[in-house]
Amino acid sequence: MRAANTAIAQANWAEADRIYRRAIEANPDNTNVILFNNAALARLNLNDTASAITLARRAYELAPDDPIVNDTLGWILFQAQGPTPEVVARMRTAVTGQPDNAEIRSHAQQISNAMRR
């Protein structure tokens, strides 16, 4: 996981994805929320939105009240579908859970701006 975190910090999404894929394939029943959440982000950044949604939903199943997980799922769904009611619900949970998180606030603002258009 450290190597994957380093890859993410360097925006090396292909390397992060390779690491996460191996970890998931080695143990498909894994319950590590961070693994699935970050794997979803890697896939989103590699323009594999369908897989990103699947992975983000798995993270959400494991931790439905986690603000970061809600942000990830909401953001990925927004990228794929626009500002749907589910996107708004996920972002509301994220913002409520971590109101001082700059990335969550940025995502929420972008979604809000899209809704105004």
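Residues numbered from 1 in each chain as written. Predicted model: local features only at pLDDT ≥ 70, side-chain atom pairs only at ≥ 80, totals over all residues. Heavy atoms only, no water.

Structural notes on the overall build of the protein chain
Line of reasoning, step 1. Along its length, the protein chain carries 7 helices and 0 strands.
Line of reasoning, step 2. Relative to a compact globule of 117 residues, whose C-alpha radius of gyration would be 13 Å, the protein chain shows 14 Å and is just as compact.
Line of reasoning, step 3. For the C-alpha atoms alone, the extent of the protein chain along its principal axes is close to 40 × 25 × 25 Å.
Line of reasoning, step 4. Burial statistics for the protein chain: of 117 residues in total, 38% are counted as buried.
Line of reasoning, step 5. When contacts within the protein chain are restricted to residue pairs at least 6 apart in sequence, those whose partners lie at least 24 apart make up 49%.
Line of reasoning, step 6. Approximately 6400 Å² of the protein chain is accessible, and the part contributed by carbon and sulfur atoms is 49%. (Helix = DSSP H or I, 4+ residues; strand = E, 2+ residues; numbered from the N terminus. Rg over C-alpha atoms; globule rule 2.2 N^0.38 Å. Buried < 20%, exposed > 50% of the residue type's maximum accessible area, 1.4 Å probe, protein only. Contact = heavy atoms within 4.5 Å. Areas by Shrake-Rupley, 256 points an atom, 1.4 Å probe, with all protein chains shown as cover.)

Focus: the pattern of salt bridges
Line of reasoning, step 1. Under the defined criterion, the tally for this structure stands at 5 salt bridges.
Line of reasoning, step 2. Glutamate 15 is paired through a salt bridge with arginine 18; the nearest N and O atoms lie 2.4 Å apart. With glutamate 15 and arginine 18 both in helix H2 (residues 13-26), this residue pair falls 3 residues apart, about one helical turn.
Line of reasoning, step 3. Note on arginine 18: relative accessible area 36%, which makes it partly exposed. (Salt bridge = Lys/Arg side-chain N within 4 Å of Asp/Glu carboxyl O.)

Notes on the side chain of aspartate 17
Line of reasoning, step 1. Here aspartate 17 is to be found in helix H2.
Line of reasoning, step 2. Judged by relative accessible area, which is 7%, aspartate 17 ranks as buried.
Line of reasoning, step 3. Polar contacts involving the side chain of aspartate 17 include one to the side chain of arginine 21, which spans 2.7 Å.
Line of reasoning, step 4. Among the polar contacts made by the side chain of aspartate 17, one reaches the side chain of arginine 43 at a distance of 2.5 Å.
Line of reasoning, step 5. Once residues lying within four places of it in the same chain are set aside, the contact partners of aspartate 17 are Ala42, Arg43 and Leu46. (Polar contact = N/O pair within 3.5 Å; in protein donor to acceptor, adjacent residues only side chain to side chain.)

Considerations on unusual backbone geometry
Line of reasoning, step 1. Although it is not a glycine, alanine 11 sits at a positive phi angle of roughly 55°.
Line of reasoning, step 2. Unlike most non-glycine residues, asparagine 47 shows phi in positive territory, near 65°.
Line of reasoning, step 3. Relative to the assigned elements, asparagine 47 resides in the loop between helix H3 (33-45) and helix H4 (49-62).

Digging into the environment of glutamate 61
Line of reasoning, step 1. Within the secondary structure, glutamate 61 sits in helix H4.
Line of reasoning, step 2. Residue glutamate 61 is classed as exposed on the basis of its relative accessible area of 58%.
Line of reasoning, step 3. Distance in space between the C-alpha atoms of glutamate 61 and asparagine 27 is 17 Å, their sequence separation being 34 residues.

What to know about helix H5 (residues 67-81)
Line of reasoning, step 1. With 15 residues, H5 extends 20 Å from end C-alpha to end C-alpha; this agrees with the ideal 21 Å at 1.5 Å per step.
Line of reasoning, step 2. H5 sits mainly inside the fold: 11 of its 15 residues count as buried.
Line of reasoning, step 3. When we look at burial in H5, the residues that qualify are Pro67, Val69, Asn70, Asp71, Thr72, Leu73, Gly74, Trp75, Ile76, Leu77 and Phe78.
Line of reasoning, step 4. Tucked into the core, H5 has its buried residues touching H3, H4, helix H6 (85-97) and helix H7 (102-116).
Line of reasoning, step 5. Remark: glycine 82 follows H5 within two positions and exhibits a positive phi of approximately 85°. (Expected span 1.5 Å × (residues − 1).)

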